[in-house]
Amino acid sequence: MGTQVRLTRSGGFAGISLVATVDLDDVPAETAEAVRAALKQVDFNPSRPRSQGGPLRGAADMYQYDLEVIGDRRRSLTAHEPLADPGLQKLSEVLLPLARPE
Amino acid sequence: MPTSHHQHRSPLACIVPPDLLRDVIREGTAAEREAAADTMAIDQTFRTLRAAFAATTAATRSAMRPMGGMGGQPQRTIYDQKNSNAIALGTVARMEGGPKVKDPAVNEAYDYFGSTYKFFWEVLGRNSIDNAGMPILGLVHYSTNYANAFWDGQGHMFFGDGDGQLFVRLTKSLDVIGHELTHGVTQYEANLVYQGQSGALNESMSDVFGSLVQQYAKKQTAAKADWLIGNEVVGPTLKPALRSMKAPGTANKYDKQPATMDGYVNTAADNGGVHINSGIPNYAFYVTATTLGGKAWEKAGRIWYDSLRDEKIKPTSGFKAFARATVRQAQVRFGDPSPEVDAVRAGWEAAKVRL
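Residues numbered from 1 in each chain as written. Chains lettered and ligands numbered in written order. Predicted model: local features only at pLDDT ≥ 70, side-chain atom pairs only at ≥ 80, totals over all residues. Heavy atoms only, no water.

## Let's talk about the overall build of chain B
The secondary structure content of chain B amounts to twelve helices and seven strands. A burial count over chain B gives 55% of its 355 residues as buried. Considering only intrachain contacts with a sequence separation of at least 6, the fraction spanning at least 24 residues in chain B is 61%. For chain B, the accessible surface area stands at approximately 14,100 Å², while carbon and sulfur atoms represent 54% of it. (Helix = DSSP H or I, 4+ residues; strand = E, 2+ residues; numbered from the N terminus. Buried < 20%, exposed > 50% of the residue type's maximum accessible area, 1.4 Å probe, protein only. Contact = heavy atoms within 4.5 Å. Areas by Shrake-Rupley, 256 points an atom, 1.4 Å probe, with all protein chains shown as cover.)

## Some details on the interface of chain B and chain A
Facing 36 residues of chain B, the contacting portion of chain A comprises 24 residues. Between chain B and chain A the total buried area reaches about 2,300 Å² when both faces are included, carbon and sulfur atoms providing 60% of it. Along the contact surface separating chain B from chain A lie zero salt bridges. The interface formed by chain B and chain A holds 18 residue pairs in polar contact (both at pLDDT 80 or more) in total. If you list the elements that add at least two residues to the side of chain B that touches chain A, you get β4 (149–151), α6 (174–188) and α8 (269–277) of chain B. (Buried area = accessible area lost by both parts, 1.4 Å probe. Salt bridge = Lys/Arg side-chain N within 4 Å of Asp/Glu carboxyl O. Polar contact = N/O pair within 3.5 Å; in protein donor to acceptor, adjacent residues only side chain to side chain.)

## Details of the nonpolar core
Membership of the largest hydrophobic core comes to 77 residues, with the highest contact counts inside it found for B:Phe113, B:Phe119, B:Phe167, B:Phe209, B:Trp227, B:Phe285 and B:Trp304. For this core, the leading source of residues is helix α5 (residues 104–124) of chain B, giving eleven residues. With residues up to four places along the chain from it excluded, the contact list for B:Trp227 reads B:Ser211, B:Gln215, B:Ala222, B:Arg243, B:Ser244, B:Met245, B:Lys246, B:Phe285, B:Tyr286, B:Ala289, B:Thr290 and B:Ala296. Formed by 37 residues, the second largest nonpolar core is a distinct cluster that contains A:Leu39, A:Phe44, A:Ala79 and A:Ala99. (Core = buried A, V, L, I, M, F, W, Y, C linked by side-chain atoms within 4.5 Å.)

## Regarding the sheet that holds strand β1 (residues 76–80) of chain B
Residue and element names in this part refer to chain B. The five strands lie next to each other as β2-β1-β3-β5-β4, forming an open sheet whose pairing is mixed. The two strands at the open ends of the sheet, each matched to only one other strand, are β2 (91–95) and β4. Each neighbouring strand pair of the sheet contributes to a mean axis angle of 20°, computed without reference to strand direction. In terms of strand pairing, strand β3 (residues 136–140) meets strand β5 (residues 156–159) through three bridges, oriented parallel. Bridge pairing links Leu139 to Phe158 in β5. On the sheet, α5 packs against β1, β2, β3 and β5 and is oriented at approximately 155° with respect to β1. Helix-sheet contacts for α6 involve β3, β4 and β5, and the interaxial angle to β4 is about 15°. (Pairing = 2+ DSSP bridges. Axes fitted to C-alpha atoms, helices over the stretch in contact; angles between N-to-C directions.)

## A word on the packing of helix α11 (residues 319–334) of chain B against helix α12 (residues 339–350) of chain B
Residues and elements named next belong to chain B. Here α11 crosses α12 at 170°, and the two axes come no closer than 8 Å. Relative to α12, the element α11 is oriented roughly antiparallel. On the side of α11, the interface is formed by Phe322, Ala323, Thr326, Val327, Ala330, Gln331 and Phe334, while α12 contributes Glu340, Val341, Val344, Arg345 and Trp348. (Parallel < 35°, antiparallel > 145°, perpendicular 65-115°, else oblique.)

## What to know about the sheet that holds strand β4 (residues 74–80) of chain A
Judged by pairing direction, the sheet is antiparallel, and its five strands sit side by side in the order β4-β3-β1-β2-β5 (chain A) without closing on themselves. The sheet is open, and its two edges are formed by β4 and β5 (100–101) of chain A, each paired on a single side. α8(B) rests against β1 (4–11), β3 (63–70) and β4 of chain A of the sheet, and its axis sits at about 40° to β1(A).

## Concerning the pairing of β1(B)
All names here are of chain B. A large share of β1 lies buried, amounting to five of its five residues. With burial as the criterion, each face of β1 is covered, one bearing Arg76, Ile78 and Asp80 and the other bearing Thr77 and Tyr79. With five bridges joining them, β1 and β3 adopt parallel strand pairing. By the bridge assignment for β3, Ile78 is matched with Gly138. As judged from the four bridges shared by β1 and β2, these two strands associate in the antiparallel manner. Across the sheet, Tyr79 pairs through a bridge with Val92, a residue of β2.

## With respect to the layout of surface pockets
Residues and elements named next belong to chain A. The volume enclosed by the largest pocket comes to roughly 790 Å³. Those elements giving two or more residues to the lining of the largest pocket turn out to be β3 and α3 (86–95). In the lining of the largest pocket, the residues fall into twelve nonpolar, eight polar and four charged. (1 Å grid on protein atoms, 1.4 Å probe; cavity = no way out; pocket = protein on both sides within 12 Å on 5 of 7 lines; lining within 4 Å. Points joined across faces, edges and corners; volume = space filled by probe spheres on them. Nonpolar A, V, L, I, M, F, W, Y, C, P; charged D, E, K, R; others polar.)

## Observations regarding the packing of aromatic side chains
All names here are of chain B. What the rule picks out here adds up to 23 aromatic pairs over all chains. With centroids separated by 5.9 Å and ring planes inclined at 40°, the aromatic side chains of Phe120 and Phe209 adopt a geometry described as tilted. Pair noted here: Phe120 is in helix α5 and Phe209 is in helix α7 (residues 196–218), with a separation of 89 residues, a long-range link. Accessibility assignment for this pair places Phe120 and Phe209 in one class, buried. (Phe/Tyr/Trp six-rings, centres within 6.5 Å; stacked < 30°, edge-to-face > 60°.)

## Details of the environment of A:Phe13
Tracing the backbone through its elements, the reader meets A:Phe13 in the loop between β1 and β2 (18–23). A:Phe13 gets classed as buried once you look at its relative accessible area, which sits at 0%. A C-alpha to C-alpha distance of 28 Å links A:Phe13 and A:Leu39, two positions 26 residues apart in sequence. Residues in contact with A:Phe13, not counting those within four places in the same chain, are A:Asp61, B:Asn148, B:Ala149, B:Phe167, B:Leu170, B:Val176, B:His179, B:Glu180, B:Ile229, B:Leu242, B:Arg243 and B:His275.

## Focus: the side chain of B:Ser307
Checked against the element boundaries, B:Ser307 lands in helix α10 (residues 300–308). For B:Ser307, the side chain forms a polar contact with the main-chain nitrogen of B:Thr326, separated by 3.4 Å.

## Thoughts on the side chain of A:Gln64
Its location among the elements puts A:Gln64 in strand β3. By relative accessible area, which is 3% here, A:Gln64 ends up buried. Ignoring anything within four residues of it in the chain, the contact list for A:Gln64 reads A:Thr8, A:Arg9, A:Ser10, A:Thr78, A:Ala79, A:His80, B:Ala268, B:Ala269, B:Asp270 and B:Asn271.

This is the structure we're talking about:
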């Protein structure tokens, strides 16, 4: 089993969660490559408030993103729209088209 | 971030608990002490004003409204974001008093902001988002295939064109526009924190007043209203509607809203399920309004609005605190015992929120 990547986009006005779960060994090579490249850019450092901070003060109906990566180790983060992390932006562009409502 | 076009209340004034501010004043640095003291003073001023305001009737409020200019006239500007992801204000597409333009999204936002302003002014005596004539700023065609609309907490409402699956163009729905503008009203009143129960209450306020804006525009009674949210803008995935206040959890096949506390959902997603658990106070409002009969904005809406402005409602208040506020406000406005107080109690009982 390869690295598992799960991206959830929840919230928004609809409050519908879209979930994409991929095993990098089971997806087309170019998708796996795009996901790996994006993951390299993702900032999992919890001390950076814009990548893992809460929603904007007073804001409502903006999206929440939850990323979980399970490989050699488990890494996760929660971020809110507007995404400041270019890696997470890229990852959502690759994975959200594969996501399904939950 | 776009800059604000108005003076608005510091969120700090509402989010930070007074106890914490007192600790900062006692133990913080000189600068922190000064900021905390200012915040407490602002907070106290707002609370005093709010209490004084709540004690007046709609008629005297209209007469004593120098703070918001004349009132009764919205100040709308619609910006075209041209499908960009930029959150800075785009090109001005229509200003207050300007003629209709070719773009339907621009005209819908303009017209429905007008209907929402009119509802708050005529029914509740409120002059715009901040009750002081704040400009109403809508940004349409935000991003590409964007199936969402949001309030940014800084005076701007963003609307996407939809993805054709979840949603079509979001400006097509009056209750969606009423929903977003009400988020601004809530921010300037109880400033309910967007997390867990207070966040679900925040969401419910937007559904309640979004729905009332539509009922008022259609002159519908509570019995005739559909109590649906977003039915004009859902795409094939979410048909026939996004949410139902009458029957939470039944609006579409992904609708997981509970109607009662028995179904309260604990989740980390969606800021603690704010769009899920809002079904519970939504249902309490629906039962209250239909128990009372007549036009929902006249009594039930008035009680909910008074409760949003109740000085005991804090940014972190949950369902029980709000339920108690609605009973208190019904007692103040309609007397006790009264059919209105009974209807409010019936609403929360149906939602299984203990008073």
